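The chain contents come next:
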Amino acid sequence: MECISTLFGTLQMQIIIIMIMIDIILGIIAAIVKKEFLFGKLANFMKGLVLAYVLGFAVIEMVGQALPSLAYIVPAFFVLIALALLASILKNLNRLGLPLPGTFRG
């Protein structure tokens, strides 16, 4: 039990989980507004990206703890995951009608 709290209790993991929750909520709202909401899409998102981000980062944290010479990869992976989630959040905000830079226009 201590190992689980160690992996999921880090600030980086908490930020990832919060960003995922924001992304899911914005995605659901955008899908409802656009009349595209399907529970199947939500389930696929939960199975795919959520598990990959959360469990993938947990594995990277374990590698960083087990092999201190590879500890530098933990912050690098965190930044990559945070950027991917930020892009998804911005895309969902754009779907809700918030004007964003051309890169995020859908």
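Calculation rules
Residues numbered from 1 in each chain as written. Predicted model: local features only at pLDDT ≥ 70, side-chain atom pairs only at ≥ 80, totals over all residues. Heavy atoms only, no water. Patch = residues over 30% accessible without salt bridge, like charges linked within 9 Å, V, L, I, M, F, W, Y side chains within 5 Å. Areas by Shrake-Rupley, 256 points an atom, 1.4 Å probe, with all protein chains shown as cover. Salt bridge = Lys/Arg side-chain N within 4 Å of Asp/Glu carboxyl O. Helix = DSSP H or I, 4+ residues; strand = E, 2+ residues; numbered from the N terminus. Buried < 20%, exposed > 50% of the residue type's maximum accessible area, 1.4 Å probe, protein only. Core = buried A, V, L, I, M, F, W, Y, C linked by side-chain atoms within 4.5 Å. Contact = heavy atoms within 4.5 Å. Expected span 1.5 Å × (residues − 1). pLDDT = per-residue confidence, 0-100.

So, about a nonpolar patch on the surface. On the surface, Ile18, Met21, Ile22, Ile25, Ile29, Val33 and Leu96 cluster together to form a nonpolar patch covering roughly 600 Å² of accessible area. Tracing the backbone through its elements, the reader meets Ile18 in helix 2 (residues 11-33). Relative accessible area serves as the criterion here: at 43%, Ile18 is assigned to the partly exposed category.

This paragraph deals with the nonpolar core. Residues Ile16, Ile20, Tyr53, Phe57, Ile81 and Leu85 are the most contacted members of the largest nonpolar core, which totals 19 residues. Those elements giving two or more residues to this core turn out to be helix 2, helix 3 (39-66) and helix 4 (73-95). Ignoring anything within four residues of it in the chain, the contact list for Phe57 reads Gln12, Met13, Ile16, Ala52, Val74, Phe77, Phe78 and Ile81.

Moving on: helix 4. Note on helix geometry: an α-helix contains 3.6 residues per turn, so any two residues three or four positions apart are oriented the same way. Over its 23 residues, helix 4 runs 33 Å from end to end, which matches the ideal 33 Å to within 8%, given 1.5 Å per residue. Among all positions of helix 4, only Ile73, Val74, Phe78, Ile81, Ala82, Leu85, Ile89, Asn92 and Asn94 are buried. Following helix 4 by one or two positions, Gly97 adopts a phi angle in the positive range, close to 105 degrees.

Right, let's talk about the environment of Ser88 for a bit. With respect to the secondary-structure elements, Ser88 resides in helix 4. Along the sequence, Ser88 and Ile20 sit 68 residues apart, while their C-alpha atoms lie 9.3 Å from each other.

Next up on the list: the confidence of the model for the protein. Summing up the model confidence of the protein, the mean pLDDT is 83 and the portion of residues at 70 or higher is 79%. Mean pLDDT values for the elements of the protein range from 64 in helix 1 (residues 2-8) up to 92 in helix 4.

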